[in-house]
Amino acid sequence: GEDVEQSLFLSVREGDSSVINCTYTDSSSTYLYWYKQEPGAGLQLLTYIFSNMDMKQDQRLTVLLNKKDKHLSLRIADTQTGDSAIYFCAESPTTSGTYKYIFGTGTRLKVLA
Amino acid sequence: EPEVTQTPSHQVTQMGQEVILRCVPISNHLYFYWYRQILGQKVEFLVSFYNNEISEKSEIFDDQFSVERPDGSNFTLKIRSTKLEDSAMYFCASRVQGSYEQYFGPGTRLTVT
């Protein structure tokens, strides 16, 4: 079955890089997403990657995909206190005709000043 | 920028009561979703809706749940007889045809006492 796993917490110092990890199990082609949730707010899409890609970079964000291990990571360069939030990894298998999302538990990132 | 809105932000209800959670998707979006997140657990898919009918539902979405698009703008989730275990954050999402990216609302926190 489909499952997405993430570590629950990450703490980094301001200015350092953050790396948030995610593993997924679906063997079909899939879209993989990173969402950010700040307190009281909805889920904000940060970036996404298709499962036939290795890497995607968007300003301070770098997504790396290891297809063999089904491992996805989100690297945030020069982490700021405003990056403190919960980060969700999600996959959307193309075999699902509705492109529903399967989410991980979310990783709570705390940035220390 | 257009966004998905949800009302109310917090709903408290007694066990056995009916609740209706409301969502206003982005106006040109055609695909609609409900997800929920029980405190400390994963965000779980409930149902997807397209062309005025359910296109997929999860095991969670039993006979106590229903969805409706009563007019051109609202998308509602009804729980007929709430249970304690229905206490969760409920997220609405929508997407436009041709894109797999879902836009999420801020969520409604449902507390069943």
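Above this text is the structure in question.
Residues numbered from 1 in each chain as written. Chains lettered and ligands numbered in written order. Predicted model: local features only at pLDDT ≥ 70, side-chain atom pairs only at ≥ 80, totals over all residues. Heavy atoms only, no water.

Residues and elements named next belong to chain A. Take T30: it is sitting in strand β4 (residues 30–37). For T30, the side chain forms a polar contact with the main-chain oxygen of S92, separated by 3.2 Å. Apart from the residues within four sequence positions on either side, T30 is in contact with Y24, I49, F50, S51, E91, S92, P93 and T94. (Helix = DSSP H or I, 4+ residues; strand = E, 2+ residues; numbered from the N terminus. Polar contact = N/O pair within 3.5 Å; in protein donor to acceptor, adjacent residues only side chain to side chain. Contact = heavy atoms within 4.5 Å.)

In this section: the sheet that holds strand β8 (residues 75–79) of chain B. Residues and elements named next belong to chain B. As summarised here, the arrangement of the 4 strands in space is β1-β3-β8-β7, forming an open sheet in which the pairing is antiparallel. Taken across any chain shown, the strands that pair with only one partner, and hence form the sheet edges, are β1 (5–7) and β7 (65–68). Each neighbouring strand pair of the sheet contributes to a mean axis angle of 20 degrees, computed without reference to strand direction. Bridging between β7 and β8 involves 4 bridges; their strand directions are antiparallel. Across the sheet, E68 pairs through a bridge with T76, a residue of β8. (Pairing = 2+ DSSP bridges. Axes fitted to C-alpha atoms, helices over the stretch in contact; angles between N-to-C directions.)

Residues and elements named next belong to chain B. Between T7 and the following residue, P8, the backbone shows a cis peptide bond with an omega angle of -10 degrees. Here P8 is to be found in the loop between β1 and β2 (10–13). For N51, which is not glycine, the phi dihedral falls at a positive 55 degrees. For N51, the position within the fold is in the loop between β5 (43–50) and β6 (53–57).

It is worth spelling out the interface of chain A and chain B at this point. Opposite the 22 residues of chain A that make contact, chain B presents 17 residues. Remark: the boundary between chain A and chain B carries 3 salt bridges. For D3 of chain A, the salt bridge is made with K42 of chain B, and the minimal N-O distance between the two is 2.6 Å. In this assembly, chain A and chain B are joined by 11 residue pairs in polar contact (both at pLDDT 80 or more). Of all elements in the fold, only β1 (4–6), β4 and β5 (43–50) of chain A reach the threshold of two or more residues within the side of chain A that touches chain B. (Salt bridge = Lys/Arg side-chain N within 4 Å of Asp/Glu carboxyl O.)

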